[in-house]
Amino acid sequence: VKLARPNVLSLQPYRCARDDYSSGILLDANENALGPASLPTNSLDPYDNGMELERYPCPYQLTLKRLLCDHRNAQVGQTADNGGIQPKNVFVGVGSDEAIDLLIRIFCTPGNTTGGGDAIMTTPPTYGMYKVCANVNDVAIQTVPLTPDFDLQIPEMLQAVTPQTKLIFICSPGNPTAKSIPLSDVRLIASSVNAIVIVDEAYVDFSSVPSATSLVNEFDNVVVLQTLSKAFGMAGIRCGFAIGPADVIQLMNNVKAPYNVNKLTSDAAANALKDTSTLENNIRVLLEERALMEKQLLSLDFVEKVYPSDANFLLFRVKQKANELYKTIA
């Protein structure tokens, strides 16, 4: 947390109405006590406003955080009281993109266009939002490309780190590579740099490589991003998480908008985490279909190579007209 911008460290966060009162008459937030003008389609007939949409949501999503912790801890045989992650380690955001932007705003001083400021490091080919958020925040971008086999070039990454490098983004499994990064690589980088190492795990549920959430209590500079958009199949509700050291998560809560996650999103996300049987079945089906698709692609004479995948998609190389093929099947 010492890497954060001084103005962020000294920030007095906005105190919203739900910080003070969450039950009672609730006249403190100037809400419309007559109720909502409408409801989601499926709640109109019969009318069901059980979520009380006229009221602001919990700003910290504590129920949702507990459910995520229980789910992820159970996957590695841990509990919140026995080495696992706890709600204080979890930030809930509008997809993982909100967390990417917040982390850059918290840790990186702008100034790239005037020859100053801080920097992030990426390892292309990788997810494009790291670059977009850095550019929006006027933060420099250091790039160390992956190897032809899509592995990290760790010596080159460590050599490229400067005092201005505040965040290192590692996409695992990668987008568009579909390849997971070994936890040993993350450990080596985290133990070698004075920067925050961010492991973006949007596709982790399809991978045989364990989640880097197990490193959160081992290192004070590892943050893991996850989402409900991929394996959970809930891209439409825009719900993501940052899992990291409690002091980093606290800064994210201090800087975020007061009610960044709405009640409809929170309710759907909680339902998905309470009963993961559908999730588990969908993952099984998708992995079976991925294997079938790989076999079919390999049978096509214009396909040169199908790369191994730890995600819900396949990267493959064709002999010619790759761009035309991309536009056709996209």
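Provided above is the structure to which this section pertains.
Residues numbered from 1 in each chain as written. Predicted model: local features only at pLDDT ≥ 70, side-chain atom pairs only at ≥ 80, totals over all residues. Heavy atoms only, no water.

1. Side note on the sheet that holds strand β1 (residues 90–93)
Spatial strand order, β1-β7-β6-β5-β4-β2-β3: seven strands in an open sheet with mixed pairing. Here the strands that pair on one side only, and so sit at the sheet edges, are β1 and β3 (140–143). Strand-to-strand twist in this sheet, taken as the mean axis angle between neighbours without regard to direction, amounts to 20 degrees. Where strand β2 (residues 119–122) lies against β3, four bridges are found, and the strand directions are parallel. Each residue of the ladder has a partner; that of A119, found in β3, is A140. Relative to the sheet, helix α3 (residues 62–75) contacts β1, β6 (222–227) and β7 (240–243), its axis offset from that of β1 by approximately 120 degrees. (Pairing = 2+ DSSP bridges. Helix = DSSP H or I, 4+ residues; strand = E, 2+ residues; numbered from the N terminus. Axes fitted to C-alpha atoms, helices over the stretch in contact; angles between N-to-C directions. Contact = heavy atoms within 4.5 Å.)

2. Describing unusual backbone geometry
Omega for the bond connecting D45 with P46 falls within 30 degrees of zero, at 0 degrees, which places this linkage in the cis form. Phi is positive for F150, close to 70 degrees, though the residue is something other than glycine. Here F150 lies in the loop between β3 and α6 (154–160). Judged by its relative accessible area of 13%, F150 is buried. The phi dihedral of A178 is positive, around 65 degrees, even though this residue is not glycine. Structurally, the position occupied by A178 is in the loop between β4 (165–171) and α7 (183–190). (Buried < 20%, exposed > 50% of the residue type's maximum accessible area, 1.4 Å probe, protein only.)

3. Considering the pattern of salt bridges
For the structure on display, the rule yields eight salt bridges. With a closest N to O distance of 3.1 Å, R187 and E218 form a salt bridge. Taken together, the positions of R187 in helix α7 and E218 in the loop between β5 (196–200) and β6 put the pair 31 residues apart, joining distant regions of the chain. By relative accessible area, R187 is classed as partly exposed at 34%. Between R284 and E288 there is a salt bridge whose closest N-O contact spans 3.2 Å. Remark: E288 and R284 occur in helix α10 (residues 277–298); sequence separation between them is four residues, near one turn of the helix. (Salt bridge = Lys/Arg side-chain N within 4 Å of Asp/Glu carboxyl O.)

4. Side note on helix α9 (residues 263–274)
Taking 1.5 Å per residue as the helical rise, α9 with its 12 residues ought to reach 16 Å, and the 16 Å between its terminal C-alpha atoms agrees with that figure. Looking at the buried residues of α9, the elements they touch are α3. A distance of 2.9 Å separates the backbone nitrogen of L264 from a side-chain oxygen at the start of α9, and that oxygen is part of N262. (Expected span 1.5 Å × (residues − 1). Polar contact = N/O pair within 3.5 Å; in protein donor to acceptor, adjacent residues only side chain to side chain.)

5. Thoughts on the packing of aromatic side chains
Counted under the stated rule, the structure contains five aromatic pairs. Ring centres of Y127 and Y130 lie 5.5 Å apart, and the angle between their planes is 85 degrees; on these two criteria the pair is classed as edge-to-face. A residue is classified by how much of its surface remains accessible, and Y130, at 1% relative accessible area, is buried. A ring pair is formed by Y130 and F169, whose centres lie 4.5 Å apart and whose planes are at 20 degrees; its orientation type is stacked. With Y130 in helix α5 (residues 129–136) and F169 in strand β4, this residue pair connects regions lying 39 residues apart in the sequence. For F169, a relative accessible area of 0% corresponds to the buried category. Grouped by ring-pair contacts, the aromatic residues Y127, Y130 and F169 constitute a single cluster. (Phe/Tyr/Trp six-rings, centres within 6.5 Å; stacked < 30°, edge-to-face > 60°.)

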